[in-house]
Amino acid sequence: MGKITILESTTKNPISLMGERAGVCWGSDISDPKKNYKRGLDCLESGHGRVLEFVNVEMVLDGYSARVIREWYTHLGGAPTRLQASTRYVNYENFEYILPPKIAANEEAKALYEETMRTITETCQKLENGCGIPREDAALLLPLGMTTKIVDKRNVRNLIDMSHQRLCTRAYWEYRELMRDLMAALSGISEEWAEIVSRYFVPKCELTGFCPEKKSCGRRPKKPQG
Ligand SMILES: Cc1cc2nc3c(=O)[nH]c(=O)nc-3n(C[C@H](O)[C@H](O)[C@H](O)COP(=O)(O)OP(=O)(O)OC[C@H]3O[C@@H](n4cnc5c(N)ncnc54)[C@H](O)[C@@H]3O)c2cc1C
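Scope of this entry: the structure provided in the associated data block. Fair warning: this is a prediction, and the values are worked out from it, not measured in the lab.

Cut-offs used in this document
- Residues numbered from 1 in each chain as written.
- Predicted model: local features only at pLDDT ≥ 70, side-chain atom pairs only at ≥ 80, totals over all residues.
- Heavy atoms only, no water.
- Pairing = 2+ DSSP bridges.
- Helix = DSSP H or I, 4+ residues; strand = E, 2+ residues; numbered from the N terminus.
- Axes fitted to C-alpha atoms, helices over the stretch in contact; angles between N-to-C directions.
- Contact = heavy atoms within 4.5 Å.
- Buried < 20%, exposed > 50% of the residue type's maximum accessible area, 1.4 Å probe, protein only.

A look at the sheet that holds strand β4 (residues 147-155)
Spatially, 4 strands are ordered β1-β2-β4-β3 in an open sheet, and the strand pairing comes out antiparallel. Across the chains shown, the open sheet's two edge strands, defined by having one partner strand only, are β1 (3-6) and β3 (81-84). Along the sheet, successive strands turn relative to each other by an average axial angle of 15°, direction set aside. Pairing between strand β2 (residues 56-65) and β4: 9 bridges, direction antiparallel. Paired with M59 across the strands is D152, a residue of β4. Seen against the sheet, helix α7 (residues 156-166) touches β2 and β4 and runs at an angle of roughly 120° to β4.

Digging into the pairing of β2
Across the 10 residues of β2, 9 count as buried, placing the element largely inside the fold. Note: β1 against β2, 4 bridges, orientation antiparallel. Across the sheet, the residue bridging to I6 is M59, located in β2.

Next comes the structure, spelled out in C-alpha cells:
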C-alpha cells in the first residue's frame, strides 16, 4: 500500500485563496474572508482556470511502483517539479515491490512473479559482489514494479486535469488507487479541499457527458461520431 503525505506548504484554504487573488484584479474588498470564498467559488463555477494555478500542493508519495510514478511524470501542464529516490544506491536485498491483485489471486502466477523478484535480487548481488560490477550498472535489472518514493510539487489545476485522465477506467489500476489516496489526503486538509475534490476530481466522461475512449467501459455513452 502506498502512502501520501501532504506537506505543510500546501495551500490550506484553496477556494478562499483563489477568490483573494481574483479580487485583486477586480478591485474587490479582499479583507473579507466570506467574500473571498464566494468569489473563489464563482471563479471555479465559471471555469476561470488560471486562478487554480495559485493553489500549491506539495507532497511525499511513498510505496507506489516505479511504473506508476513514471506515468505520474507525464502530467507536465503547469511545470510541476519533483525529486525521486536514487536507484544508484538501492539496497537490493530489501527492495519492495507491488503485487498486482490479479497476480496475488492466482497461485501459479504469484509463485512465478515472486520467484522472478528473488532472482533479480540475487543476480544484482552476484553481479556486484561476485563479478565486481558497479551497483549503478546492476541496478538496470531492477523492475518497474519496485516501489519508490518521490517529493512532488504542482498546482491544483494540474491535479484536477490529472483526475480526468486517471480516474478513467482505462487508466492503470494502481494509478486509479493512487488518485483515490490523493483525494482522501487532500480532503483531510480542510473543508475547502473536500469541496474541491468532491466537485472537480472526476473522470473525463463525467465532465463531458460522453466517453472519448476507443474501448469504453460503458459508464457514459460513446462520443458522437461526425
Ligand atoms: C489510458 C491511457 C493510456 C496511456 N498510454 C500512454 C502510452 O502508451 N505512452 C505514453 O507516453 N503516455 C500514455 N498515456 C499518457 C498520456 O498520453 C498523457 O501523457 C497524460 O495523460 C498526460 O498528459 P495530459 O495532457 O493529460 O496532462 P498534462 O501534461 O498535465 O497537461 C494538461 C493540459 O495542459 C495543457 N498543456 C500541457 N502541456 C502543454 C504544452 N506543451 N502546450 C500547450 N498546452 C499544454 C493541455 O491543455 C493539456 O491537456 C496514457 C494515458 C492514459 C489515460
